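The lines below spell out each chain.
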Amino acid sequence: MVKLTIDNQQIEVKEGTKIIDAAVLAGVRIPRLCFLRDLNEIGACRVCVVEVEGKEKLLTSCNNVVKEGMVIRTNSPKVRNARRTNVELILSQHDFKCATCVRSGNCSLQEISNDLNVLNVNFDIDFEQRSWNPDFPLQKDFSKCIKCMRCIQVCDKIQSLNIWDIVNSGYRTTVDVSWNRNIEQADCSLCGQCITHCPVGALMVRNDIDKVYKALEDPELITVVQVAPAVRTAWAEFLNIDDSHATTGLMVASLKRIGFDYVFDTNFSADLTIMEEGTEFLELYSEGNMKYPLFTSCCPGWVRFMKSQYPDMVKYLSTSKSPQQMFGAVAKSYYADILGVNPNKIFCVSIMPCSAKKHEAGIPSINDSQADRDVDVVITTRELEKMIKAENLDFKMLKEESFDTPLGIGSGAGAIFGVTGGVMEAALRSAYYLVTGKNPDPDSFKSVRGDQGWKESKFNIDGNQINVAVVSGLGNARKLMDSIIKGEVKYDFVEVMACPGGCSGGGGQPIREGMELASTRGEKLYDIDRSMYLRYSHENPSIKKLYDDYLEKPSSHLAHKLLHTDHESWDTPLSPMITMVQDENFFDEY
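Scope of this entry: the structure provided in the associated data block. (Residues numbered from 1 in each chain as written. Predicted model: local features only at pLDDT ≥ 70, side-chain atom pairs only at ≥ 80, totals over all residues. Heavy atoms only, no water.)

## Focus on the overall build of the protein chain
Assigned secondary structure in the protein chain consists of 21 helices and 17 strands. Along the three orthogonal principal directions, the C-alpha set of the protein chain runs to about 80 × 55 × 50 Å. Scored against the burial criterion, the 590 residues of the protein chain give a buried share of 59%. A separation threshold of at least 6 residues defines the contact pool for the protein chain, and within that pool the share at least 24 residues apart is 73%. For the protein chain, the exposed area adds up to about 25400 Å²; of that, 47% sits on carbon and sulfur atoms. Positive and negative side-chain charges in the protein chain, numbering 65 and 80 respectively, have mean positions lying 5 Å apart. (Helix = DSSP H or I, 4+ residues; strand = E, 2+ residues; numbered from the N terminus. Buried < 20%, exposed > 50% of the residue type's maximum accessible area, 1.4 Å probe, protein only. Contact = heavy atoms within 4.5 Å. Areas by Shrake-Rupley, 256 points an atom, 1.4 Å probe, with all protein chains shown as cover. Lys, Arg positive; Asp, Glu negative; His and termini not counted. Charge placed at Lys NZ, Arg CZ, Asp CG, Glu CD.)

Printed below as a string of structure tokens:
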């Protein structure tokens, strides 16, 4: 143990403790900007500097460890002056028009500047401006970038995609797409983890709110909205509503007040996905000659990753569409028939915890209803939050409302789609029933739950052993794929989610500085599952009626037309390494 003094407080900590962590035990939170624990502890911003007695220079607290007898001052005049200067230097290369920034009110740089009483910037203002494709789902504003390198570290160390890199040198140094590519050429999965870990507004999703408002104002359109499972765990995090009162019913009521004609639940189409994907798995498994496992396909970030990093393995993805796309196809076929309207009169909006869903909805080959597009617009949880704020609602006076029917009925199995392992657990619940004719205990497959990036389990269903794996985070997905291809592991069924923790930690979720909330939000989904009367996808009465009245049965001809897709029918950029290896001159040059 090491004894030291921080701001006149004597404390004792373990040897090797960083100063920034030791300060917490003295009741002090040292400000930080570039810091990401275990990922980005480089002291680049120099906002976390402290004064150590006997040292002439200030030390960055994020990457210096405590030593016996240290006397540290975290807010001395020397420290305050240095912090203010460092922040002013950062602001001098930053477009600080905060009122029009997507992160206004939720920005680390804004907060630190206010806390340090920075009222003027005593340096010339010169921020970088570069063009960016406004239609691409992932947006970058170079004038906001503070070169903290968080995005680089998250993409490299967690997602293993290396999309971002430092370019240029000296005062021209900035962060841009790596390998001298533009973003359209990059093998980006669109997971959005760089967005949620950016401390300012340099990275964001394409804002599609105006498209939604335009549809809501069109009297010729019938607006329907679907809400993904993970959205209900986070929609009110910045709306000043007590967590216990931020119910799904209040969220539905808010959407009704915004003006949507029908508010539906993506849990419904999650149940539909289970019926199709579960049937697909059982058909493949019963054939007994699976060289590789069936991989889930409901996460578009994972599908993009598979297509760019392991193109030869795309054929092993489930052909089942994601719940988002299944909903759109059903809304513009089955539900259009119920309403007796032209499918193009229905405007389908998805509210998702995901940034990659914006791309998925625009894939031409994924639209199979008679409408131009099955899902017209995708907005994130953060965009929903902005729309609700614009309504200026008094939530104390707002009465809860229920999802509309029939596409608003979902099961607990559908709800847990939003957490890593949830798709696998839901699928196994129904697979057990489809094989045995009996329902298992709904918690029989809970061993696939948990925060581990790679989990594996074995289950016996009517004498058949099924080996499964659950992975979240694309770095873990790469490890899994490499092990499968090398023959080091063998599974029958594999679930992959691009974002650590699953959709609850998605790139479209609210951003809480320094907080990884996927696990906390995921527990809320398990609570919803436990509280529901319906806990099996195959028992959803709306799903049964859909098959009885329209689709006939899972994997029918019409079900295949509307609910399945060909993942190989569209292109995504190959990874730089794959491209180089395909170059016949590559090995000659190296």
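Read on, since the account is not over.
## Here's the deal with the environment of Ala228
Within the secondary structure, Ala228 sits in the loop between β10 (222-227) and α7 (248-258). Residue Ala228 is classed as buried on the basis of its relative accessible area of 4%. Each C-alpha atom, one on Ala228 and one on Thr100, is 28 Å from the other, the two residues being 128 residues apart in sequence. In this structure Ala228 touches Thr266, Ile351, Met352 and Pro353, once residues within four positions along its chain are discounted.

## As for helix α3 (residues 108-115)
Those residues of α3 not exposed but buried are Ser108, Leu109, Gln110, Ile112 and Ser113. Where α3 is buried, its residues touch α2 (77-92). Count one or two residues on from α3 and you reach Asn117, which has phi positive near 60 degrees.

## Description of the nonpolar core
Leu138, Trp164, Trp235, Leu255, Phe295 and Trp302 are the most contacted members of the largest nonpolar core, which totals 152 residues. Ranked by residue count, the leading element in this core is helix α8 (residues 266-287), at seven residues. Within the second largest apolar cluster, 21 residues are counted, among which are Ile6, Ile20, Val52 and Val66. (Core = buried A, V, L, I, M, F, W, Y, C linked by side-chain atoms within 4.5 Å.)

## Comments concerning the side chain of Ser472
Looking at the secondary structure, you find Ser472 in strand β16 (residues 464-472). Setting aside its immediate chain neighbours within four residues, Ser472 contacts Thr420, Gly453, Met497, Cys499, Pro500, Gly501 and Gly502.

## Quick notes on the pattern of salt bridges
Two side chains of opposite charge can pair, provided their charged atoms sit close to one another. Under the definition given, this model contains 33 salt bridges. Across the pair Arg73 and Glu53 runs a salt bridge whose closest N-O atoms are separated by 3.9 Å. On the criterion of sequence distance, the pair formed by Arg73 in strand β5 (residues 71-73) and Glu53 in the loop between β3 (49-52) and β4 (59-60) is long-range, its members being 20 residues apart. For Arg73, a relative accessible area of 33% puts it in the partly exposed group. (Salt bridge = Lys/Arg side-chain N within 4 Å of Asp/Glu carboxyl O.)

## Section: the layout of surface pockets
The space that makes up the largest pocket amounts to roughly 1000 Å³. As for the largest pocket, its lining consists of 42 residues, of which Leu39, His197, Met515, Glu516 and Leu517 are closest to the centre. Those elements that place two or more of their residues in the lining of the largest pocket are α1 (19-25), α4 (150-158), α5 (193-196), α16 (474-486) and α17 (518-531). Per element, the largest residue contribution to the lining of the largest pocket is four residues, and it comes from α4. Considering only residue class, the lining of the largest pocket consists of 13 nonpolar, 16 polar and 13 charged. Of the volumes computed, that of the second largest pocket is approximately 360 Å³. Together, 20 residues line the second largest pocket, and Val102, Arg103, Arg382, Glu385 and Lys386 are the ones closest to its centre. Of all the secondary structure elements, the ones that give two or more residues to the lining of the second largest pocket are β9 (203-205) and α13 (381-390). (1 Å grid on protein atoms, 1.4 Å probe; cavity = no way out; pocket = protein on both sides within 12 Å on 5 of 7 lines; lining within 4 Å. Points joined across faces, edges and corners; volume = space filled by probe spheres on them. Nonpolar A, V, L, I, M, F, W, Y, C, P; charged D, E, K, R; others polar.)

## Things to note about the sheet that holds β16
The strands making up a sheet are joined through hydrogen bonds of the backbone, oriented either antiparallel or parallel. Taken in spatial order, the four strands of this open sheet run β12-β17-β16-β15, and their pairing is mixed. In this open sheet, the two edge strands, each paired with only one partner strand, are β12 (294-295) and β15 (454-461). In this structure, β12 lies alongside strand β17 (residues 493-497), joined through two bridges in parallel fashion. Of the residues in β17, the one forming a bridge with Phe295 is Val494. Contacts between α16 and the sheet are confined to β12, β15, β16 and β17, with β16 contributing the most and set at about 140 degrees to the helix. (Pairing = 2+ DSSP bridges. Axes fitted to C-alpha atoms, helices over the stretch in contact; angles between N-to-C directions.)

## Section: the environment of Ser92
Among the structural elements, Ser92 can be located in helix α2. Take Ser92: its relative accessible area is 6%, and that puts it in the buried class. Residues Ser92 and Asp126, 34 residues apart in the sequence, show an inter-C-alpha distance of 6.1 Å.

## Quick look at the packing of helix α6 (residues 209-216) against α13
Working note: a packed helix pair is described by the angle between its axes plus the distance between those axes. Running from amino to carboxyl end, α6 crosses α13 at an angle of 50 degrees, the nearest separation of the two axes being 10 Å. Viewed along their axes, α6 and α13 adopt a mutual orientation that is oblique. Seen along the crossing, α6 lies across α13 with a hand that is right-handed. Judged by residue contacts, Ile209, Val212, Tyr213 and Leu216 of α6 engage Glu383, Lys386, Met387 and Ala390 from α13. Residue composition of the contact of α6 with α13, by class: six nonpolar, no polar and two charged. (Parallel < 35°, antiparallel > 145°, perpendicular 65-115°, else oblique. Left-handed = near helix turned anticlockwise from the far one by under 90°.)

## Here's the deal with the state of the cysteines
Taken as a whole, this structure holds zero disulfides when the rule is applied. This cysteine, Cys101, is not joined by any disulfide, and Cys107 carries the nearest cysteine sulfur, 6.1 Å off. (Disulfide = S-S within 2.5 Å.)

## Focus: the packing of aromatic side chains
Each aromatic ring pair is summarised here by two numbers: the centre-to-centre distance and the angle between the ring planes. Taken as a whole and judged by the stated rule, the model has 15 aromatic pairs. Seen in terms of ring centroids, Phe281 and Phe493 are 4.6 Å apart; in terms of plane orientation they differ by 10 degrees. Their pairing is stacked. Linking Phe281 in helix α8 with Phe493 in strand β17, this pair joins segments that are 212 residues apart in sequence. The positively charged end of Lys307 is found above the aromatic ring belonging to Trp570, 4.5 Å away from the centroid. (Phe/Tyr/Trp six-rings, centres within 6.5 Å; stacked < 30°, edge-to-face > 60°. Lys NZ or Arg CZ within 6 Å of the ring centre and 35° of its normal.)

Keep in mind these numbers describe shape, not what the thing actually does.
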